[in-house]
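Given next are the chains, with one letter for each unit.
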Amino acid sequence: MALVTAGVVVLDCAEPEKLAEFYRELLEAEQVDANANRVEIRAADGFRLALRRDVNATAPSWPRPENSLQAHLEFVVHDLDAVERRIVGLGGRPMESGDASGPTEERGYADPAGHSFTVRRGTPTAPKQG
């Protein structure tokens with residue numbers, strides 16, 4: 001029997017209920033657990049994401065090098081333009097656009113609490129630069 005039975009990505013934020021709603025709508029997920037300090041959602045493919053209350057949370061400053069990105073979420077999509085409209089409609093904001101040429105197209109966003117994430121079409125083939 002496996003010692004670890006599940007993995008959950010956890011993001012700290014000041015208002016987990018609001019951020020959970022953003023990701024629940026974006027991923028068409030369901031809320032599977034909630035208490036005063038944590039909300040967990042699960043997408044149809046099994047991806048689990050929890051939002052944990054941190055009253056001192058501040059938005060990451062990425063891409064500034066003095067507070068570099070440590071981790072981010074990445075979602076694979078079919079239609080970059082359609083998902084961008086959904087993200088912005090839910091309160092997210094564009095951060096950067098990747099190179100639209102070649103087999104990989106990706107775009108960077110920030111969720112309403114400032115956590116960065118990317119959406120991409122295709123399979124990444126090159127290492128991250130910077």
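Analysis parameters
- Residues numbered from 1 in each chain as written.
- Predicted model: local features only at pLDDT ≥ 70, side-chain atom pairs only at ≥ 80, totals over all residues.
- Heavy atoms only, no water.
- Helix = DSSP H or I, 4+ residues; strand = E, 2+ residues; numbered from the N terminus.
- Expected span 1.5 Å × (residues − 1).
- Buried < 20%, exposed > 50% of the residue type's maximum accessible area, 1.4 Å probe, protein only.
- Arc of directions from axis to C-beta.
- Contact = heavy atoms within 4.5 Å.
- Salt bridge = Lys/Arg side-chain N within 4 Å of Asp/Glu carboxyl O.

The protein is annotated in an unreviewed UniProt entry as Catechol-2,3-dioxygenase from Streptomyces griseoloalbus.

Enquirer: Give a detailed account of unusual backbone geometry, specifying residues and quantitative values.
Expert: Positioned with a positive phi, E28 is a non-glycine residue whose angle comes to about 50°. Tracing the backbone through its elements, the reader meets E28 in the loop between helix 1 (16–27) and strand 2 (30–35).

Enquirer: Give me helix 1: which residues, what numbers.
Expert: For helix 1, which comprises 12 residues, the first-to-last C-alpha distance of 16 Å matches the rise-based estimate of 16 Å (1.5 Å per residue) to within 8%. Looking only at helix 1, the buried set comprises P16, L19, A20, F22, Y23 and L26. Relative to the axis of helix 1, the buried residues are bounded by an arc of 155° and lie together on one face. The inward-facing, buried residues of helix 1 contact strand 1 (9–13), strand 3 (38–42), strand 4 (48–53), strand 5 (73–76), helix 2 (80–89) and strand 8 (116–121). Two residues or fewer past helix 1, E28 is found with a positive phi of approximately 50°.

Enquirer: Break down the pattern of salt bridges for me, citing the residues and quoting the values.
Expert: By the definition in use, this model includes 13 salt bridges. A salt bridge links E21 to R24, with the shortest nitrogen-to-oxygen separation between them at 2.9 Å. Highlighted residues: E21 and R24, both in helix 1, separated by three residues, approximately one helical turn. Among the salt bridges present, the one from D81 reaches R107, with a minimum N-O distance of 2.9 Å. Residue D81 is found in helix 2, and its partner R107 is found in strand 7 (residues 105–110); the two are separated by 26 residues along the sequence. Accessibility expressed as a relative area gives 43% for D81, which makes it partly exposed. In this structure R107 comes out as buried when scored by relative accessible area, which is 17%. The network of salt bridges with common partners includes E21, R24, E25 and R86.

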